[in-house]
Amino acid sequence: MGQMAYDFTKSSIIKAVNNKDIFLKVLKKASKELLPYERERLINWLFYFTADKPEPQKWLYEVIDKNILVS
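A.B. asks: Looking at this model, I keep getting lost on the pattern of salt bridges. Mind explaining?
C.D. replies: Side-chain pairing between opposite charges can occur once the charged atoms of the two side chains come close. Counted according to the given criterion, the structure contains three salt bridges. Among the ionic pairs, D52 bridges to K53, the shortest N-O distance being 3.0 Å. According to the relative accessible area criterion, D52 is exposed, its value standing at 59%. The closest approach of N and O atoms between K58 and E55, which form a salt bridge, is 3.7 Å. You can see K58 and its partner E55 sitting in helix α4 (residues 54–65), three residues apart, about one turn around the helix.

A.B. asks: Any chance you could explain the side chain of S31 here in plain terms?
C.D. replies: Position of S31 among the secondary structure elements: in helix α2 (residues 20–33). Classification of S31 as buried rests on a relative accessible area of 19%. At a separation of 2.6 Å, a polar atom in the side chain of S31 contacts the main-chain carbonyl oxygen of K28. Ignoring sequence-local partners within four residues, the contact set of S31 consists of R39, I68 and L69.

A.B. asks: Explain unusual backbone geometry to me, please; I cannot follow it from the model alone.
C.D. replies: Note on backbone geometry: most residues besides glycine have negative phi, and most peptide bonds are trans. For N67, which is not a glycine, the phi torsion comes out positive at approximately 60°. With respect to the element layout, N67 can be found in the segment after α4.

A.B. asks: Can you help me understand the packing of helix α3 (residues 36–49) against α4 in this one?
C.D. replies: Contact geometry of α3 with α4 gives a least axis separation of 10 Å together with a crossing angle of 150°. Overall, the two elements α3 and α4 adopt an arrangement that is roughly antiparallel. Between α3 and α4 lies a crossing of left-handed hand. Across the interface between the two elements, I43, L46 and F47 from α3 touch L60, Y61 and I64 from α4. Along the lines of polarity and charge, the residues of the contact of α3 with α4 split into six nonpolar, no polar and no charged.

A.B. asks: Is there a simple way to explain the nonpolar core in this structure?
C.D. replies: Nonpolar side chains in soluble globular proteins generally cluster together in the buried interior. Formed by 19 residues in total, the largest nonpolar core has its most connected members in I13, F23, L27, L42, W45, L46 and L69. Those elements giving two or more residues to this core turn out to be α1 (2–15), α2, α3 and α4.

A.B. asks: Could you clarify how one ought to interpret the packing of aromatic side chains in this entry?
C.D. replies: The geometry of an aromatic ring pair comes down to the distance between the two centres and the angle between the two planes. Under the defined criterion, the tally for this structure stands at three aromatic pairs. Seen from their ring centres, F47 and Y61 are 5.6 Å apart, and the 55° between their planes marks the pair as tilted. With F47 in helix α3 and Y61 in helix α4, the pair connects residues that are 14 residues apart, well separated along the chain. In this structure Y61 comes out as partly exposed when scored by relative accessible area, which is 40%. Looking at R41, its charged tip hangs above the ring of Y6, at a distance of 4.1 Å from the centre. The ring of F49 has K53 lying over it, and the distance from NZ or CZ to the ring centre is 4.3 Å.

Scoring rules and cut-offs
- Residues numbered from 1 in each chain as written.
- Predicted model: local features only at pLDDT ≥ 70, side-chain atom pairs only at ≥ 80, totals over all residues.
- Heavy atoms only, no water.
- Salt bridge = Lys/Arg side-chain N within 4 Å of Asp/Glu carboxyl O.
- Buried < 20%, exposed > 50% of the residue type's maximum accessible area, 1.4 Å probe, protein only.
- Helix = DSSP H or I, 4+ residues; strand = E, 2+ residues; numbered from the N terminus.
- Polar contact = N/O pair within 3.5 Å; in protein donor to acceptor, adjacent residues only side chain to side chain.
- Contact = heavy atoms within 4.5 Å.
- Axes fitted to C-alpha atoms, helices over the stretch in contact; angles between N-to-C directions.
- Parallel < 35°, antiparallel > 145°, perpendicular 65-115°, else oblique.
- Left-handed = near helix turned anticlockwise from the far one by under 90°.
- Nonpolar A, V, L, I, M, F, W, Y, C, P; charged D, E, K, R; others polar.
- Core = buried A, V, L, I, M, F, W, Y, C linked by side-chain atoms within 4.5 Å.
- Phe/Tyr/Trp six-rings, centres within 6.5 Å; stacked < 30°, edge-to-face > 60°.
- Lys NZ or Arg CZ within 6 Å of the ring centre and 35° of its normal.

Following this line, the structure appears as structure tokens:
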């Protein structure tokens with residue numbers, strides 16, 4: 001079940017990459033649903049995914065600063 005939630009979160013983030021509100025909503029939901037090791041995997045993937053996307057990368061740093069995804 002966990003892998004399905006992780007994969008669904010990734011696909012939702014890919015779809016929401018241009019909308020800050022949805023992007024943040026998906027990450028907040030992921031912080032509640034994913035296991036700690038899945039959140040760590042997601043954070044690593046997010047840094048890779050947003051490496052060439054300045055706006056989503058800025059949103060990611062906001063999420064990290066607010067400790068939304070931190071275990």
